[in-house]
Number of protein chains: 2
Amino acid sequence: MIQERLRLLRQKMKESGVTVYVIPSSDCHESEYVCGHYRARAYITGFTGSAGTAVVTLEDAGLWTDGRYFIQAELELRDTGIRLFRTGEPGVPNVETYVKEHLEKGGRLGFDGKVMGAFRAEALIKAAEEKKAGVLATEDLVGAIWEDRPEIPDAPVFILESNYCGESVKRKLMRVREKLEELEADIHVVASLCDIAWILNIRGGDIPGVPVTLSYLCITKNTCTWYVRSSVITEEIRSYLSENKIQVKEYEAVYEDLTKLGPGLNVLMDKRKVNHRLLTSIPQGARLIDKSNPSELMKAVKNETELKNLRIAHLKESIAFTRLMYWVKTNVRKQEITELSVSEYLNERRKEQAHYLGESFSPICAYGPNAAIVHYSADKRSNAVIEAKGFLLVDAGGHYLEGTTDTTRTFALGELTEEQKRMFTAVCRANLNLANARFLYGCTGYTLDVLCREPLWQFGMDYKHGTGHGVGYLLNVHEGPNAFRWKMPEDERAAVLEAGMVTTDEPGIYVEGEYGIRTENELVCVKGTENEYGQFMEFEIVTLVPIDLDGIVPEEMTLTERNYLNDYHQRVYHTLAPYLSGEEREWLKVSTRAV
Amino acid sequence: MIQERLRLLRQKMKESGVTVYVIPSSDCHESEYVCGHYRARAYITGFTGSAGTAVVTLEDAGLWTDGRYFIQAELELRDTGIRLFRTGEPGVPNVETYVKEHLEKGGRLGFDGKVMGAFRAEALIKAAEEKKAGVLATEDLVGAIWEDRPEIPDAPVFILESNYCGESVKRKLMRVREKLEELEADIHVVASLCDIAWILNIRGGDIPGVPVTLSYLCITKNTCTWYVRSSVITEEIRSYLSENKIQVKEYEAVYEDLTKLGPGLNVLMDKRKVNHRLLTSIPQGARLIDKSNPSELMKAVKNETELKNLRIAHLKESIAFTRLMYWVKTNVRKQEITELSVSEYLNERRKEQAHYLGESFSPICAYGPNAAIVHYSADKRSNAVIEAKGFLLVDAGGHYLEGTTDTTRTFALGELTEEQKRMFTAVCRANLNLANARFLYGCTGYTLDVLCREPLWQFGMDYKHGTGHGVGYLLNVHEGPNAFRWKMPEDERAAVLEAGMVTTDEPGIYVEGEYGIRTENELVCVKGTENEYGQFMEFEIVTLVPIDLDGIVPEEMTLTERNYLNDYHQRVYHTLAPYLSGEEREWLKVSTRAV
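Residues numbered from 1 in each chain as written. Chains lettered and ligands numbered in written order. Predicted model: local features only at pLDDT ≥ 70, side-chain atom pairs only at ≥ 80, totals over all residues. Heavy atoms only, no water.

S.K.: Explain the overall build of chain A here, please?
M.R.: Broken down by element type, chain A carries 19 helices and 28 strands. Expected size for 595 residues packed as a compact globule is a radius of gyration near 25 Å; at 24 Å, chain A falls within 12% of this value. For chain A, the spread of C-alpha atoms along the principal axes amounts to about 70 × 55 × 50 Å. Put simply, chain A has 595 residues, and 62% of those count as buried. (Helix = DSSP H or I, 4+ residues; strand = E, 2+ residues; numbered from the N terminus. Rg over C-alpha atoms; globule rule 2.2 N^0.38 Å. Buried < 20%, exposed > 50% of the residue type's maximum accessible area, 1.4 Å probe, protein only.)

What follows is the structure in structure tokens.
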């Protein structure tokens, strides 16, 4: 099937003189997750992970993805003839290098400029220019061969009331405009859907797991224009927008409007957050200010209302998750439980909670060797039956009106090897050491990452993914600019950890073909003491689910680490107990005992 | 005295129309330490620290220095009328901002371009231009009023034999030239004295503590020209240079030679390592390649010969230091010991070792409250008598033919408070946690720094200096690009820790008016296991001096930390015991017992 699609694509390439065609994973908004309509890269390669780029030449085809997806990509690319390029591994060329190597003088590079990020497009075009090859950036060649392509959705939108968002659109626009003035920008073009949803206090449902609506936003000193499909604008929304002096225009009209910008205007646009077509719609006479969207940092720092709500959302999620843990651990020997039924059970428990809106990402319920696939997603074919031994890894999250959650626990389901216990304990130590960090204001996620990795590095182990990512408020579960990482990319500056930022803490250990362990909590950065040395900062752990003591070897932990675990478990017990049934509560008491 | 000097300087400023005059701490080579001739900043302000900048206006005067020197600068500036600006503290303007604020249209900025770094000069000139003020960068106004200014020295130079340097000048030049080719540079101008000494395998003695000779080096594909005072060139040196095809020219001739460079030439020059005059001597037609000196990274990565020697140098230094520790601790109640007599005793013990060449920096022997001054230097006035209580901090180092050392130990001399013991233990834990780090290749000093600070941050404490610096081989005890730091400057990229790099590990705690604690070892970065996760790296501790167990509270340490300490002490005992007297050996045995 994949080979047939590649054949058809190559035919289209030949028809338009394209010799190298690049297919990214994005939609027109540089979204991480995309709706079915934009899954061109998955359609052409069969690789379904969220991150990856395909390059097709007339003879060769390659897929680039990162460490989270190596195992999955290997499986999904089997028999397609598409080569896997493991990004970040020694000796693996990046996409630009490969493109350059495969473009010849007189050849032609092709990509769909609307789904190609402006920043990446520049690098590709530069590669083409260096090889004296042409560029065709306007054709969606995969679209041209795609039968039964899903439609672009137009899910209904709704207003996020002030008791949930905590700041009015008027005030948010005022803050963005202050920043525009500081940067001397005349107009600010926002394509990132989460930024738009945050600024407008409006949510939608166009992307599975991400409650946003496909649209663009242009902000000037006096105007704010929302480019959105009119089909989603109800009377209520219309009057809300007009109240807030927000003009509405058709979704696609933004491209033409940009071409009409007068000369000498300063346009603030983040090259990493807009597509190539949008960037190149700006007329020559205008000056680009290529800086982060001001809303990126603003939305990462949660306000008091959001933080208060987040604690409620996490309480709800933690109750559901803990009940799942109880159910799986007590029933694994009694009834057939599968990866899919675990996801289902968790979702049922969530639905019992008020204001639950749906999953914040496709859950990872992975038993045994499946858990070694970092971003595994169970389907009917792979769906494993869970046995009373080894580990079950559950990484899942929900959207509530009170915020978005992301939790991972690994359940010990009976017999474990000494090695497995030692590794489970190491992951727990890694997680708790980071969560209990105390640090001076000014630290970034790069400063602190080693606190999490060191317990694993001491064993000569590592996990090939970041230690943690920011989390949106009823938005994308992956949000910048805060993150925990150890290796800083050449072209990035790290974001200082600010009070109010929410970041996950999710170390893991993966042994291919055997097992996977990950323990993930969400951490809210809060202010600690201020003294002569400066402002100290700390984390508040908002996820409250037991860490399975059946996997813990207390002798492998320092006294401090044991105290961290015991203190956390005390909080878990006292917070959740009132919401559980008698049996569940009894079980929780034992499961959160001091070690 | 200082006020009189300021008055005379202001007179000179008026004569040349200068309204704001900036005096850096450097010589013509951007050296950190300088010979007496170049201590203009100390002459004009009275502040004797190694780092600091003075700015004098017609009405005001300020001195900028960093956290290491806050207490010392405060003391030394008392009654001078010069205001202290604490670099890095909140709300403190930097030099450029201050200069801009105090320059008026029609005013004139002045500095001596030969001792002002090219990079800083640019920022200052930009500030002046923004205020439409003039610039006078050619006059040494402090020199004009300086009576009895010390002469520029011309200490003898010597060749560092291959059994010490491990790589011939021919091979070093070849490697530098390879880099020039890679960067497409036609000529490389080196002003940094340590780089020159390293490339040429020649040492001198023009700067106290830094065995280098004042000179410049110009390298092209086929030539190598050393601009150096002919007075230091002996027959032996001359024939060594000629053997290696190195041409000699007069020291100051470099400036004129640069002005004669043909147009279209690519000149590799590190703006942060050359003075303003040198940079501006390059003709308009040439293209500047502003990158690090290739020799900077090369000399930071010690070769096998250097590493073998370094272990010998550290053994010698550790014997001397340990004997000092024995002597102070056993005699403090019996005889009068002062800060100065401690330095002297240490130096006497060093002189008993072969190939000892002198101190690698002015030793810090600081008793009681004096130790809270991070870079304290005892003189006859301050020289404290050491009592049988509290802490004595000794930070000292030596140059041997086998390399340069830098060690700090804090001796407990009797009664300590609980608080003092807890802090001493925390510093020890901080030091050992970093030294025992295991990490993936690709980490920098920024990645790992928190391992050292976290034990102190947990107590709400910090030290206002870097955790560690690179160490030269019979060169400057402070060497880049490797370092342990937590806060990355805006304009810097961190250096990856390479096998063979030597970095100090020196956390501390300073309580103003009470005491100071610091424990410093030198760490050699070495390769560990290589596996599917990558290349693991580790440190070898080369400093082998007991950490005073009288200050240690074992209960405050994790079992792992206690093992780190006990393992280290076992190495200390077994390595040093053969070189000690019977009494010393007995004492060492007890002092390195397991806790």
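Read on, since the account is not over.
S.K.: For this particular structure, what's the right way to read empty space enclosed by the protein?
M.R.: Think of a ball as big as a water molecule: rolled over the atoms, this probe shows where empty space is left. Residue and element names in this part refer to chain B. As enumerated under the stated definition, the model contains 1 cavity of 30 Å³ or more in all. There is about 40 Å³ of room inside the largest cavity. Lining the largest cavity, in full, are Leu-193, Ile-196, Ala-197, Leu-200, Ile-202, Thr-213, Ser-215 and Trp-226. Ranked by residues supplied to the lining of the largest cavity, first place goes to helix H9 (residues 193-200) with 4 residues. Broken down by class, the residue content of the lining of the largest cavity amounts to 6 nonpolar, 2 polar and no charged. (1 Å grid on protein atoms, 1.4 Å probe; cavity = no way out; pocket = protein on both sides within 12 Å on 5 of 7 lines; lining within 4 Å. Points joined across faces, edges and corners; volume = space filled by probe spheres on them. Nonpolar A, V, L, I, M, F, W, Y, C, P; charged D, E, K, R; others polar.)

S.K.: Please clarify how helix H5 (residues 118-130) of chain B should be interpreted in this entry.
M.R.: Structural remark: α-helix, 3.6 residues per turn; residues separated by three or four positions point the same way. All names here are of chain B. With 13 residues, H5 ought to run about 18 Å at 1.5 Å a step, and its terminal C-alpha atoms sit 18 Å apart, in line with that. Among the residues of H5, Ala-118, Ala-121, Leu-124, Ile-125, Ala-127 and Ala-128 are the ones counted as buried. Buried residues belonging to H5 abut strand S1 (20-23), helix H4 (95-102), strand S5 (108-110), strand S6 (134-136) and helix H12 (276-280). At the C-terminal side of H5, Lys-132 shows a positive phi close to 50 degrees. (Expected span 1.5 Å × (residues − 1). Contact = heavy atoms within 4.5 Å.)

S.K.: Is there a simple way to explain the confidence of the model for chain A in this structure?
M.R.: Low pLDDT means the predicted atomic positions in that stretch should not be read closely. Taken over all residues, the pLDDT of chain A has a mean of 96, while the share at 70 or more is 100%. Reported confidences for the modelled complex are a pTM of 0.93 and an ipTM of 0.92. (pLDDT = per-residue confidence, 0-100.)

S.K.: Which parts of the structure should I look at to understand the side chain of B:His37?
M.R.: Residue and element names in this part refer to chain B. Mapping His-37 onto the fold places it in the loop between S1 and helix H2 (40-45). Engagement of the side chain of His-37 in a polar contact is seen with the backbone oxygen of Pro-150, the distance being 2.6 Å. In this structure His-37 touches Trp-146, Arg-149, Pro-150, Glu-151 and Ile-152, once residues within four positions along its chain are discounted. (Polar contact = N/O pair within 3.5 Å; in protein donor to acceptor, adjacent residues only side chain to side chain.)

S.K.: Honestly, the relation of the copies chain B and chain A in this entry has me stumped. Any pointers?
M.R.: Relating one copy of the chain to the other requires a rotation about an axis plus a shift along that axis. Note on the identical chains: chain B maps onto chain A by a rotation of 180 degrees and an axial translation of 0.0 Å, with an RMSD of 0.0 Å. The operation mapping one copy onto its partner corresponds to a two-fold rotation axis. A shared interface surface links the copies, since 100% of the contact residues of chain B are contact residues in chain A too. (Least-squares fit on C-alpha atoms with pLDDT ≥ 70 in both.)

S.K.: What is the right way to read the packing of helix H16 (residues 418-435) of chain A against helix H17 (residues 445-457) of chain A from this model?
M.R.: A pair of packed helices is captured by two measures, namely the crossing angle of their axes and the spacing between those axes. Residues and elements named next belong to chain A. Running from amino to carboxyl end, H16 crosses H17 at an angle of 160 degrees, the nearest separation of the two axes being 8 Å. For the element pair H16 / H17, the angle class is roughly antiparallel. For H16 against H17, the interelement crossing comes out right-handed. Between H16, through Ala-426, Val-427, Arg-429, Ala-430, Asn-431, Asn-433 and Leu-434, and H17, the contact on the second element is made entirely by Leu-448, Leu-451, Cys-452, Pro-455 and Leu-456. (Axes fitted to C-alpha atoms, helices over the stretch in contact; angles between N-to-C directions. Parallel < 35°, antiparallel > 145°, perpendicular 65-115°, else oblique. Left-handed = near helix turned anticlockwise from the far one by under 90°.)

S.K.: Please clarify how the layout of surface pockets should be interpreted in this entry.
M.R.: Reported here for the second largest pocket is a volume of approximately 1,500 Å³. As for the second largest pocket, its lining consists of 49 residues, of which A:Asn433, A:Thr558, A:Thr560, A:Glu561 and B:Thr558 are closest to the centre. Those elements that place two or more of their residues in the lining of the second largest pocket are H16, H17, strand S28 (534-541) and helix H18 (559-576) of chain A together with helix H16 (418-435), helix H17 (445-457) and helix H18 (559-576) of chain B. Looking at the lining of the second largest pocket, the element that brings in the most residues is H18(A), giving 9 residues.

S.K.: Can you walk me through the sheet that holds strand S3 (residues 61-65) of chain A in this structure?
M.R.: Two modes of strand pairing occur in sheets, parallel and antiparallel, and in both the strands are linked by backbone hydrogen bonds. Residue and element names in this part refer to chain A. The sheet built from 6 strands is open, its strands ordered S4-S3-S2-S1-S5-S6 with mixed pairing. The open sheet has two edge strands, strand S4 (83-86) and strand S6 (134-136), and neither has a second partner. Strand-to-strand, the axes of this sheet are offset by a mean angle of 20 degrees, without reference to chain direction. Here strand S1 (residues 20-23) pairs with strand S5 (residues 108-111) via 3 bridges, running parallel. When the sheet's bridge partners are listed, Tyr-21 is paired in S5 with Gly-110. (Pairing = 2+ DSSP bridges.)

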